[in-house]
Every structure is written in C-alpha cells, then in structure tokens.
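The lines below spell out each chain.
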Amino acid sequence: MLSQTYLLLRQSISLANKSTLVVATNNPGKLKEFGLLLPNFEIISQTSLDIIPEEEVGETFFENSLQKARIANKASGLAAIGDDSGLIVPVLNNLPGLLSARYAYKNATDEENRQFLKNELERLNLTETKAYFVCVLVLIQVSADPFPLIATGLLEGSVKTIFRGANGFGYDPMFYPKGSNLSLGEMNADEKALISHRGKAIEILKRKIEGFSSE
Ligand code: ITT
C-alpha cells in the first residue's frame, strides 16, 4: 500500500528527464554543490526567482529544511528542495548547530563565524576537538505535497584552530574529516562531495526519487 502511494506521489520528478528543481537557498556555496551533485536536474536557485526566505525558527534542522522547501515550492509552483545544515561541536554544548550561519552574530560572514569558533575553542584551551556536520534535505515535489522526501547526511571529523585551504565555504578550512590529513577547505569540490554530509544526503535522496527506498 505504502509503495503504491509512494510511486504515485513521486511521479512529478525523475532523474531521467532533466526535471526542474528549485534549491531553497541563498548560500552560493551550497548552490554550487547542488549543481555538482544533481547533474541530471535543471537547478534553479531561489535567489534567481526573488524568493524571500523566512526567519529560521525551528528547533530542528528538519523543521527549518521543511520550511525552506515549502516557501520555495509555494512561491514557484515547482519542485523545491530545502537544505538545513550545520556544524555540531559536542564540547561546546553542540553549538554552533542550528546557529551555524549566524554564530558570531546575525548576518556574520563565514570568516567571522570561523574566527568566533576559533576563539571559543581557545577559551577552552583547545587546538582541536571532535565535531560533525549534519545536512537535512527535504524535497517537496508538488504543491501541498503530503509526502515530502527526507534525507539526512553526517560527516564526522574534528575542528581545529588552524585554518587550511580556501575551497568550499563556511567552516570548511577548519574542519578535518576523520582519517584525512586535509581540511575540507583543501579538498576540491569532487573530493568533498564524495564524503560530505550534503553529498551523502543527496545520494540517499536520489535513491528515494528513483523509488528504490521508501523509508
Ligand atoms: P540558506 O538558509 O539560504 O540555505 P544558510 O547558510 O543560512 O543558507 P543554514 O541555515 O542551513 O544555511 O546554515 C548552514 C551553515 O552551516 C552555513 O552557513 C555554514 O556556516 C555551515 N555549513 C553547512 N554546510 C557546510 C559545509 O558543507 N561546509 C562548511 N560549512 C557548512
């Protein structure tokens, strides 16, 4: 029963026919990664459609991601994907977490947020500590979609007070994936996509779009 409903609902979008997908983000770093990771889609940014995001008030990455996708879907009438993501540092009570984009202050730059995190670590006399990135994607396929597709990805590693590399965005220059000598800022886009929280979430989402999994 579930699989029949699932198959009906998912028909609006497919990996095979260059479906159009609005990415509900104003973050150019994220947008670039979506373009790379979803080559079978015609990706449109919400910025190019003048869609204005609302304040993120959710208590979970999921709520914020759903809100982003809903707004973009309602405004465009097209399939829309929300990405709410962030960096969790357990020793800092799981901050910056939901506040990752505005850790230093509202509208802070990536550089200011990195510096703020570095200061917080130094306050605890740490030069590195365990951390992980999370990414929660929500795909709304049709208007009032009662069955959005959801996918989550994690990337474990550590944050260090030494910044290396200028690739990527956000906290990439200070994040070192588990088992890697390179920071994410030193990896090229393909290398990051293979291991990243966003890359993993998108792989799961692609499988759901194709109907291989309904979980
Ligand atoms: P949108 O809401 O417009 O998508 P945003 O940057 O505000 O853009 P979020 O609220 O999801 O998005 O905050 C995510 C923040 O987490 C982002 O600004 C970075 O600071 C950090 N982040 C998420 N994914 C990251 C990645 O792959 N590399 C580095 N930092 C990342």
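None of the values given here were measured: they were computed from a predicted structure.

(A) Looking closely at the overall build of the chain. Scanning the chain for helices and strands turns up six helices and seven strands. Taken from the N to the C terminus, the helices and strands of the chain come in the order α-β-α-β-α-β-β-α-β-β-β-α-α. Expected size for 215 residues packed as a compact globule is a radius of gyration near 17 Å; at 17 Å, the chain falls within 12% of this value. Over its C-alpha atoms, taken along the principal directions, the chain stretches across nearly 55 × 35 × 30 Å. Expressed as a percentage of its 215 residues, the buried residues of the chain come to 47%. Partitioning the intrachain contacts of the chain with sequence separation of at least 6 by distance along the chain shows that 59% fall at a separation of at least 24.

(B) Structural detail: the site of the ligand. Near the ligand there are 20 residues, and of these Thr 25, Lys 30, Lys 68, Asp 172 and Lys 192 occur at the shortest range. Asn 26 is positioned such that a nitrogen or oxygen atom in its backbone is 2.8 Å from an oxygen atom of the ligand. Backbone polar atom of Ser 85 to an oxygen atom of the ligand: 3.0 Å apart, as the coordinates give it. When the ligand sits alone it has 610 Å² of accessible area, and the protein chains cover 92% of it. Counting residues per element, the ones that place at least two in the shell around the ligand are strand E3 (80–89) and helix H6 (197–209). Top contributing element to the shell around the ligand by residue count: E3, with four residues. Of the residues in the shell around the ligand, the class split is four nonpolar, eight polar and eight charged.

(C) Quick look at the pattern of salt bridges. For the structure shown, the criterion picks out twelve salt bridges. A salt bridge links Glu 186 to Arg 164; the nearest nitrogen and oxygen atoms lie 3.1 Å apart. Within this pair, whereas Glu 186 is found in the loop between strand E7 (175–177) and helix H5 (189–195), its partner Arg 164 is found in the loop between strand E6 (149–160) and E7, the two being separated by 22 residues in sequence. Taking relative accessible area as the criterion, Glu 186 reaches 28% and is therefore assigned partly exposed. The network of salt bridges with shared partners includes Lys 30, Glu 33, Asp 83, Asp 172, Lys 192 and Arg 198.

Scoring rules and cut-offs
Residues numbered from 1 in each chain as written. Predicted model: local features only at pLDDT ≥ 70, side-chain atom pairs only at ≥ 80, totals over all residues. Heavy atoms only, no water. Helix = DSSP H or I, 4+ residues; strand = E, 2+ residues; numbered from the N terminus. Rg over C-alpha atoms; globule rule 2.2 N^0.38 Å. Buried < 20%, exposed > 50% of the residue type's maximum accessible area, 1.4 Å probe, protein only. Contact = heavy atoms within 4.5 Å. Near = heavy atom within 4 Å. Polar contact = N/O pair within 3.5 Å; in protein donor to acceptor, adjacent residues only side chain to side chain. Areas by Shrake-Rupley, 256 points an atom, 1.4 Å probe, with all protein chains shown as cover. Nonpolar A, V, L, I, M, F, W, Y, C, P; charged D, E, K, R; others polar. Salt bridge = Lys/Arg side-chain N within 4 Å of Asp/Glu carboxyl O.

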